[in-house]
Amino acid sequence: MASIKNLKKDINNVLGDIIEGVYIVEATNGTTHSKEGTAIIDEAIATFDELVAKVNKNDVENKKAHFKEVRSDLETKATKLVEDLNKLA
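Everything numeric in this text was worked out from a predicted model, so none of it was measured. (Residues numbered from 1 in each chain as written. Predicted model: local features only at pLDDT ≥ 70, side-chain atom pairs only at ≥ 80, totals over all residues. Heavy atoms only, no water.)

K.L.:
Which parts of the structure should I look at to understand the pattern of salt bridges?
P.N.:
Charged atoms that come close allow side chains of opposite charge to pair. What the rule picks out here adds up to 5 salt bridges. Between Lys-77 and Glu-50 there is a salt bridge, with its nearest N and O atoms 2.5 Å apart. Of this pair, Lys-77 sits in helix H3 (residues 63–88) while Glu-50 sits in helix H2 (residues 35–55), and the two are 27 residues apart along the sequence. According to the relative accessible area criterion, Lys-77 is partly exposed, its value standing at 25%. Among the salt bridges present, the one from Lys-80 reaches Asp-84, with a minimum N-O distance of 2.8 Å. Here Lys-80 and its partner Asp-84 are both found in helix H3, 4 residues apart, which amounts to about one turn of the helix. Taken together, the shared-partner salt bridges in this structure form one network comprising Glu-50, Lys-54, Asp-73 and Lys-77. (Salt bridge = Lys/Arg side-chain N within 4 Å of Asp/Glu carboxyl O. Helix = DSSP H or I, 4+ residues; strand = E, 2+ residues; numbered from the N terminus. Buried < 20%, exposed > 50% of the residue type's maximum accessible area, 1.4 Å probe, protein only.)

K.L.:
How should I be thinking about the nonpolar core in this particular structure?
P.N.:
One recurring pattern in soluble globular proteins is that nonpolar side chains are buried together. By size, the foremost hydrophobic cluster in this structure holds 21 residues, and its most contacted members are Ile-11 and Val-55. Put simply, the parts of the chain that give this core at least two residues each are helix H1 (2–29), H2 and H3. Top element by residues in this core is H1. It accounts for 8 residues. Leaving out residues up to four positions away in the same chain, Ile-11 has contacts with Phe-48, Leu-51, Val-52, Val-55, Val-70 and Leu-74. (Core = buried A, V, L, I, M, F, W, Y, C linked by side-chain atoms within 4.5 Å. Contact = heavy atoms within 4.5 Å.)

Worth remembering: the numbers are spatial, not functional.
Okay, here's the thing in structure tokens:
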């Protein structure tokens, strides 16, 4: 099940990069712990928890379709978070 392992790594890396991006933008702007930045980080953490729970779900009939849906959710939610991050900058 290397694909499950890779999917979990992708979720971790993408959302981790978004959180890191918030810290970089805040450091560049000279602000720390802004409301907008904190909201993006909280949303990224909630998204991580939600997607990992979906990946770990065992009672799925069509696993291939299920993992494809999880990957699609990751792409959609990460795109929204990146848009919010760009507004922060």
